[in-house]
Structure formats: C-alpha cells, structure tokens
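Tertiary structure, described
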Amino acid sequence: MSDAFYLPDPANPQRFVSTELTRGPWSPDAQHAGPPSALLGHVIERCEPRPGFQVGRVAVEILGPVPLEPLTAQAHVTRPGRSVEMIEATLSTGRGPVLRANAWRFKLAEPELALPERFLPTGARPGPELAAAPARFPSTQPVGFHTAIDYRFVTGSFTEPGPAICWIRLRYPIVAGTAPSPLERTLAAADSGNGVSAVLDWSRYLFINTDLTVTLHRQPTGEWVCLDAVTYPQPHGIGLAESALYDEEGHLGRSTQTLFLDTR
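A quick note: this is a predicted structure, and the numbers were derived from the prediction, not measured.

1. Observations regarding empty space enclosed by the protein
Taken as a whole and assessed by the stated rule, the structure comprises one cavity of 30 Å³ or more. Quantified by volume, the largest cavity comes out at close to 30 Å³. If you trace the largest cavity, you find it lined by Ile-168, Arg-169, Leu-170, Arg-185, Ala-189, Glu-223 and Val-225. At the level of secondary structure, the elements contributing two or more residues to the lining of the largest cavity comprise strand E9 (160-170) and helix H2 (182-190).

Below you can see the structure in the form of structure tokens.
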C-alpha cells in the first residue's frame, strides 16, 4: 500500500498518480471526493503564491465519478487583484475534467485590525480525545479513503442516523513528499459531512454530493478537523449537508454540500 494519496510524476509536474488510498467506500474503481478536493487545494496554494495572502473560500464542482487513474491538475489566476484574487483549478483524466474549483485568495491585514472582542468567533467542541473509540466506515472495500483517515465521533455515528460531531485526521499526506497543509486537511475532511451526518439508510438510498464549498475565516491548526454536521433531505430529491468546522482552538469556518437523493 502506498504512503500517500497521490504520487507526483517526476516527468510532469501537473500529473499525479492516484493510489488506492483515494478509493471511495462503494466502488473499487472510483475515488472518494475528499482526496481530489484536497489535491485541488494543493495546486491552488502553489499557483502564483503571494506572501501575506491566504485562501478564504474554495468551491469545488464534482463533474462526475473520479476514476482511480492518474490526474492532471492545473491552476491559474483568473481575476488578479491587489487585495483579493480568484484562482481556477481543474483535475482531468484523459477523458476530460472531473473536478473544477474556484478559490478566493485574500490579502491579510497587516497590522491586524482592531476589532471589538465581543464580535470575534468563540466556542469549541469536545476534542477528539473525548471520543469513545476510533470509528470505521461501513464499506466493503478493504483499502481506501475510509482506511486512510481517523474518524472520532463525539456524538452520532455511521450507524446512528442524524446530526453528528466528528473529528477527522489524515493518516497520510495528500501528495507524497509533502506535508498536508491546513487547507488540504480541511478540504479532505469537509467532504465527509454528508457521510457522518447521514439520515437515510445507506442500503436503500443514494445521497451523492455534486459539490463542496468550504469557507474559512482562519486556517486550522493541528492535525484534527472537526465537523459539526447535519443533513437536510427533501422528498423531491434535493438535499443539503452543512458542517460547522472546528479545530481544537475553536470555530474556523463552514462547509456545504448539495445532495442528489434517490433510491438505490
């Protein structure tokens, strides 16, 4: 088994070989959307980097199943600016794009702004050390994304329908030879919001996210990212998964996923 989700191609800096750690829980041939979303974050952060700037939002469009194949990652600045700029990134196979993302990158205030203390974000969630035990995703695949990360539920579980508070930690780097950045860790974890807070029977229903939007008012610290997640299904077949994002220091942002609902 590989020691990373993706292996860089020495002959082509835009090409990444997908390893079996990217595999999703349901198909041996398709990736979980967490790793390729994090790979988009990897190339976005390396696109014309500017000191004193930080990514504040990433919106990922999932154009279809991501095969367990080499991916070509490209990123470029599409809206330059002195204080705010937009970056577009795509992941493609030989058959065309499979994921596309837009990211806003912001200039950080220097010196920091003098803001009223009462308006600053506060609050925390019980840490991963308070979870009863590590959790395993109910998958028939012996190796994949579900075995390459640590899940720790504070409330809820994969077998208990409804809202959940779950801590997630990567056990491997996104790209071999690099340390996962805070953005990569957050994107990889946030795509599990609809899974940890599932309300429908896994064996009877589909609830597939077509997108992932992550907004961060600060970068997470440490290895763990917490999802305080809830899923809102509707009988007409469109749902929403929403997660408040935390690290061990407190609130750091929010993620949303639009869901396609159907019977299996």
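What follows picks up the thread again.
2. Remarks on helix H1 (residues 34-45)
For H1, with twelve residues, the first-to-last C-alpha span of 17 Å sits near the 16 Å given by 1.5 Å per residue. With eleven of its twelve residues buried, H1 lies for the most part within the structure. Burial in H1 covers these residues: Gly-34, Pro-35, Pro-36, Ser-37, Ala-38, Leu-39, Leu-40, Gly-41, His-42, Val-43 and Ile-44.

3. Quick word on the layout of surface pockets
Taken as a whole, the largest pocket holds about 750 Å³ of empty space. Around the largest pocket, the lining is made up of 33 residues, and of these Pro-25, Trp-26, Gln-31, Ile-208 and Asn-209 lie nearest the centre. Counting only elements with at least two residues in the lining of the largest pocket, the list comes to helix H3 (193-196) and strand E10 (205-209). Take the lining of the largest pocket: its biggest share by element is five residues, from E10. For the lining of the largest pocket, a count of residues per class yields 19 nonpolar, eleven polar and three charged. Around the second largest pocket sit 17 residues that line it, and Leu-108, Ala-109, Glu-112, Leu-115 and His-217 are the ones nearest its centre. When residues of the lining of the second largest pocket are traced back to their parent elements, those giving at least two are strand E3 (53-62) and strand E6 (96-107).

About the cut-offs
Residues numbered from 1 in each chain as written. Predicted model: local features only at pLDDT ≥ 70, side-chain atom pairs only at ≥ 80, totals over all residues. Heavy atoms only, no water. 1 Å grid on protein atoms, 1.4 Å probe; cavity = no way out; pocket = protein on both sides within 12 Å on 5 of 7 lines; lining within 4 Å. Points joined across faces, edges and corners; volume = space filled by probe spheres on them. Helix = DSSP H or I, 4+ residues; strand = E, 2+ residues; numbered from the N terminus. Expected span 1.5 Å × (residues − 1). Buried < 20%, exposed > 50% of the residue type's maximum accessible area, 1.4 Å probe, protein only. Nonpolar A, V, L, I, M, F, W, Y, C, P; charged D, E, K, R; others polar.

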